[in-house]
Amino acid sequence: MNKEIKYTALMYHQTTSPARNKYYIPIDKFEEQIKLVNRLNIKSVSLEDKFFGNKENKAILITFDDGHKSNYDAAKILSDYGLKGYFYLVKDFSLHNDDEYLNEREIREISNMGHTLAVHGKDHIWWTLKSENILFKELQETKNWIENITGKAVITCAPPGGVINIKTANFLQQQMPEYQYIRTVKVGINKESNQFIKITPMHTNTNIRMFQWSITNNELYYKYLQTIYHSKNILRPIYKFIK
């Protein structure tokens, strides 16, 4: 019996300097991280192609939340190193604040670089607070908006704040099966069969050694992350269903 391939999913937000909060990564620090990925010959996960690495090469899933303007430069760096990124967009951010968030031209260009644009929501309100009718309408609207810009099918989404419970998870699986992969903010290492994707949060204080532990699936480092991240995290009780 073949052993399932394991992979890491990195979660970024903004790649700007100076950092305004812990989720900001200076662009030079981000490029240093990507250079290490390149040196270690680690490949990109492709959800569309169901490529999660192989015996010869580890792979990582590189994701960005919210669609901040700085993601455009991050996308170019990834392309320079032959890597693929997943950019989860908030429709209202892009349409009503395009000085700070990616506009439709930039979204199209990122897609043309070979990256994937995906759904983070119409707004940034937790999906668990919305009725199923409203959530279905908003997710369909946001998905159609992205697909009209990129010309590519959207097969993955990421709930705002990473907040998802068993009720919302069942709704997505039953009513919106086109979302084959749902990226959460539960910390951990993924198996290729996982629909609910666990992450490693990328913070301002993530140094290069910590980053290397992340991308090489260091089990002890992940146990440490889970201890400090989930112990104070309000999501902990509702994430028990994600294995």
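The structure under discussion appears in the preceding block.
Residues numbered from 1 in each chain as written. Predicted model: local features only at pLDDT ≥ 70, side-chain atom pairs only at ≥ 80, totals over all residues. Heavy atoms only, no water.

**Some details on helix α2 (residues 71-80)**
Then step 1. Burial in α2 covers these residues: N71, Y72, A74, A75, I77 and L78.
Then step 2. Taken together, the buried residues of α2 touch α1 (27-39), β3 (59-66), β4 (85-90) and α4 (104-112).
Then step 3. Phi turns positive one or two residues past the end of α2, at G82, with a value near 70°. (Buried < 20%, exposed > 50% of the residue type's maximum accessible area, 1.4 Å probe, protein only. Helix = DSSP H or I, 4+ residues; strand = E, 2+ residues; numbered from the N terminus. Contact = heavy atoms within 4.5 Å.)

**Describing the packing of aromatic side chains**
Then step 1. Scanning the entire structure with this criterion turns up 10 aromatic pairs.
Then step 2. Arranged with centres 5.2 Å apart and planes meeting at 20°, the rings of Y12 and F64 form a pair that is stacked. Taken together, the residues span a long stretch of sequence, with Y12 in strand β1 (residues 6-12) and F64 in strand β3 at a distance of 52 residues. Per residue, the accessibility class of Y12 equals that of F64, and both read buried. (Phe/Tyr/Trp six-rings, centres within 6.5 Å; stacked < 30°, edge-to-face > 60°.)

**Some thoughts on the packing of helix α5 (residues 132-150) against helix α6 (residues 166-175)**
Then step 1. With their axes 12 Å apart at the nearest point, α5 and α6 run at an angle of 55° to one another. Relative to α6, the element α5 lies oblique. Judged by the twist between their axes, the crossing of α5 over α6 is right-handed. Only K167, T168, F171, L172 and Q175 of α6 make contact with α5, whose side of the interface consists of E132, L135, F136 and L139.
Then step 2. The residue inventory of the contact of α5 with α6, partitioned by class, reads 5 nonpolar, 2 polar and 2 charged. (Axes fitted to C-alpha atoms, helices over the stretch in contact; angles between N-to-C directions. Parallel < 35°, antiparallel > 145°, perpendicular 65-115°, else oblique. Left-handed = near helix turned anticlockwise from the far one by under 90°. Nonpolar A, V, L, I, M, F, W, Y, C, P; charged D, E, K, R; others polar.)

**Notes on the pattern of salt bridges**
Then step 1. All chains considered together, the criterion is met by 12 salt bridges.
Then step 2. The shortest N-O distance in the salt bridge between E106 and K69 comes to 3.0 Å. In this pair, E106 is assigned in helix α4 and K69 in the loop between β3 and α2, connecting sequence segments 37 residues apart.
Then step 3. E106 sits in the buried class, given a relative accessible area of 8%.
Then step 4. Since its relative accessible area comes to 23%, K69 is described here as partly exposed.
Then step 5. A salt bridge links D73 to K76; the nearest nitrogen and oxygen atoms lie 3.7 Å apart. Here D73 pairs with K76, and both are found in helix α2, just 3 residues apart, close to one helical turn.
Then step 6. Judged by its relative accessible area of 39%, D73 falls in the partly exposed class.
Then step 7. We classify K76 as partly exposed; its relative accessible area is 38%.
Then step 8. Salt bridges linked by common partners bring K69, R105, E106 and E109 together as one network. (Salt bridge = Lys/Arg side-chain N within 4 Å of Asp/Glu carboxyl O.)

**Thoughts on the environment of K43**
Then step 1. Topologically, K43 is positioned in strand β2 (residues 43-44).
Then step 2. Note: C-alpha distance between K43 and W126 (83 residues apart in sequence) is 32 Å.
Then step 3. When sequence neighbours within four positions are dropped, the list of residues in contact with K43 reads F51, N57, K58, A59, I60 and L83.

**Observations concerning unusual backbone geometry**
Then step 1. Residue N41 is not a glycine yet carries a positive backbone phi of 60°.
Then step 2. Residue placement: N41 occurs in the loop between α1 and β2.
Then step 3. Its relative accessible area of 38% is what places N41 among the partly exposed residues.

**Examining the packing of α2 against α4**
Then step 1. In the contact formed by α2 and α4, the axes pass within 10 Å of each other and the chain directions differ by 15°. Judged on the interaxial angle alone, α4 and α2 are roughly parallel. Crossing handedness for the pair α2 and α4: left-handed. Contact residues: α2 offers N71, Y72 and A75, while α4 offers E106, E109 and I110.

**Describing the nonpolar core**
Then step 1. Y12, F30, L47 and L172 are the most contacted members of the largest nonpolar core, which has 67 residues in total.
Then step 2. The residues touching L172, leaving out its near neighbours within four places in the chain, are W127, L139, I164, P177, Y179 and I182. (Core = buried A, V, L, I, M, F, W, Y, C linked by side-chain atoms within 4.5 Å.)

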